[in-house]
Amino acid sequence: MSGTSGSRRPRAVEELRCRVLTIPTDQHEADGTLEWASTTMVVVEARSGDTVGLGWTYGPSACAQVVADQLRPVVVNADPMAVPGTWSAMVRATRNATRPGLVGYAISAVDVALWDLKARLLGVSLADLFGAVRPEAPVYGSGGFTSYDDARTVEQLSGWALEQRIPRVKIKIGEDWGGRIDRDEHRIRLARRTVGEGTELFVDANGAYTAKQAVRLMRAVADADVRWFEEPVSSDHLAGLAEVRSMVDADVAAGEYGTDLFYFARMCAAGAVDCLQVDVTRAGGYTAWFRAAAVAEAHGLQVSGHCAPHLHAPAAVATQNFRHQEWFHDHVRIESMLLHGTLDPSGGAVRPDRSRPGHGLVLDQDAAARFDAATAASTR
Ligand SMILES: [Mg+2]
């Protein structure tokens, strides 16, 4: 036994590459408190020998600089089997830069790439490496931007609820920082009429309202049976979230900006949410995902995966208190364009392919080059 292990060349993470892809939206998009015309994807590839692990975060291009300056020195030469140890080294290395925000996003992208690398080196799927508790992860269709007209809203919602048979859909509300309540009410009822009674209707205000404004809106649209009210007020206003939660029937949800366990612990302890949202591409990768889920479970809560749908799938099926995954229009579109091995949400759930190593996703280099800022600059 010692003979075979002694002859094996010690493995190390030999290279950590990072690139920034900017992908234009398919049409102008806005929610209650922000509008955008493109999405930035910071892609990390961790290599050991001929094996490459892939991770990413949807964050500012400055994440790439954090990876290059702060994280690469502690990741290159690390043991690819010891991902939690490398995660700790990354957290320690960024003490002075501080973890919240884009540093947390950068750590997440690297952590995901390292877990993918480890699974590929072992020749197993991430779902099997983590240990599955269920075969598939329920999803909900998410988009319904405030910038859409009624025809586009109906088209998108019908696609999820009627064509793909996804029994949960979410639209954005809180248009113009809560300044277009009449239109919010109209769009909520339009969504309900479109998807019918058998589909759960979710709304996301992205922190647009005051607490009482949010409560009044839910009372006004009681006939629409909204089941999920995401960020009715700013997710930093824990008392406001708790106030809304105590006064509406819909589950109140938040957590998408969390980058460390203290954030999630404070949110849960404040009684601010009925379901905790966690994002593996922000919270600290897979290493932090499972710990955040444990924090939620200790408060009697389930977790819901925020955005980056394909990266959540292997963790989702391995998390006891998992509720559902956001099947977000922008990211579904981007991941379908740039990756091989994407999943089909038909019927309302995705099932990770456990015959493929890692998370099962491979970057299409030709497709990525079309959106790579460095490539675009060099060919200009
Ligand atoms: Mg949200």
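The structure presented is a predicted model; accordingly, all values stated were derived computationally and were not measured.

Cut-off values and rules
- Per-chain numbering applies: the sequence of each chain, read as written, is numbered from 1 onward.
- This being a predicted model, a pLDDT of at least 70 is required before a residue's local features are given, and a value of 80 or more before pairs of side-chain atoms are given or counted; all residues contribute to the totals for chains, interfaces and linings.
- By the criteria applied, helices consist of DSSP H or I runs no shorter than four residues and strands consist of E runs no shorter than two, each listed in order from the N terminus.
- To sort residues by burial, count the other C-beta atoms lying within 10 Å of each one's C-beta; a count of 20 or more means buried, 12 or fewer means exposed, and anything in between means partly exposed. C-beta atoms are built from the backbone.
- Residue pairs qualify as contacts under a 7 Å threshold applied to their C-beta atoms, which are placed from the backbone.
- Whether two strands pair depends on DSSP finding at least two bridges between them.
- Those domain boundaries reflect an automatic or database domain assignment.
- Residue polarity is assigned by list, with Asp, Glu, Lys and Arg as charged and Ala, Val, Leu, Ile, Met, Phe, Trp, Tyr, Cys and Pro as nonpolar; anything else, Gly included, falls into the polar class.
- To estimate how far a helix should reach, multiply one less than its number of residues by 1.5 Å.
- The angle between axes fitted to the seven residues ending at a residue and the seven residues starting there is what we call the bend at that residue.
- An axis is simply a line fitted to the C-alpha atoms; with a helix, the fit covers only the stretch in contact. Between two such axes, the angle follows the N-to-C directions and lies from 0 to 180 degrees.
- Note on angle classes: values under 35 degrees are labelled roughly parallel, values over 145 roughly antiparallel, values of 65 to 115 roughly perpendicular, and the remainder oblique.
- Note on convention: the crossing is left-handed when the near helix lies turned anticlockwise from the far helix by less than a right angle, right-handed when the turn is clockwise.

S.K.: Run through the overall build of the protein, naming residues and quoting values.
M.R.: The helix and strand tally for the protein stands at 16 helices and 14 strands. Over its C-alpha atoms, taken along the principal directions, the protein stretches across nearly 70 × 50 × 40 Å. Per-residue burial for the protein yields a buried fraction of 50% across its 380 residues. Pairs at least 24 residues apart make up 70% of the contacts formed inside the protein by residues separated by at least 6 positions.

S.K.: Could you give an account of the pairing of strand E1 (residues 15-30), naming the residues involved and the relevant values?
M.R.: Relative to strand E2 (residues 35-48), E1 is paired through 12 bridges, and the arrangement is antiparallel. Considered in E2, the bridge of Thr-22 is made with Thr-40. The turn linking E1 back onto E2 is made up of four residues.

S.K.: Before we move on, can you summarise the domain arrangement of the protein with the specific residues and values?
M.R.: Parsing the protein into structural domains produces domain 1 (15-123 + 365-369) and domain 2 (128-350). One C-alpha centre belongs to domain 1, the other to domain 2; they are set 23 Å apart. Listed as interface residues are 34 residues of domain 1 and, on the opposing side, 34 residues of domain 2. Counting residues per element, the ones that place at least two in the side of domain 1 that touches domain 2 are E1, E2, strand E3 (51-57), helix H3 (83-93), helix H4 (102-122) and helix H15 (365-369). The biggest single contributor to the side of domain 1 that touches domain 2 is H4, with 10 residues. Residues belonging to the side of domain 1 that touches domain 2 are distributed by class as follows: 19 nonpolar, nine polar and six charged.

S.K.: So what's going on with helix H2 (residues 62-75)? Which residues, and what values?
M.R.: If you check H2, its first and last C-alpha atoms are 18 Å apart, about what 14 residues at 1.5 Å a residue would give, namely 20 Å. If you look at H2, its biggest bend is around 35°, right at Ala-68. Among all positions of H2, only Cys-63, Ala-64, Val-66, Val-67, Leu-71, Val-74 and Val-75 are buried. Turning to H2, the residues buried within the fold contact E1, E2, E3, H3 and H4. Just downstream of H2 lies Asn-77, where phi reads positive at about 85°.

S.K.: Talk me through the sheet that holds E2; I want residue IDs and the actual numbers.
M.R.: One open sheet accounts for three strands, arranged E1-E2-E3; its pairing is antiparallel. Of all the strands in the sheet, just E1 and E3 have a single pairing partner and so form its edges. Within the sheet, the average angular offset between the axes of one strand and its neighbour, ignoring direction, is 25°. Packed on one face of the sheet, H2 meets E1, E2 and E3 and runs near 155° to E1.

S.K.: Provide a residue-level description of the packing of H3 against H4, including the pertinent values.
M.R.: In contact at an axis separation of 10 Å, H3 and H4 are set at 165° when each is read in the N-to-C sense. Considering the angle they form, H3 stands roughly antiparallel to H4. Here the hand of the crossing between H3 and H4 comes out right-handed. In this structure, H3 uses Val-83, Thr-86, Trp-87, Met-90 and Val-91 to contact H4, whose residues at the interface are Ile-107, Val-110, Asp-111, Leu-114, Trp-115 and Lys-118. Looking at the contact of H3 with H4 residue by residue, the classes come out as eight nonpolar, one polar and two charged.

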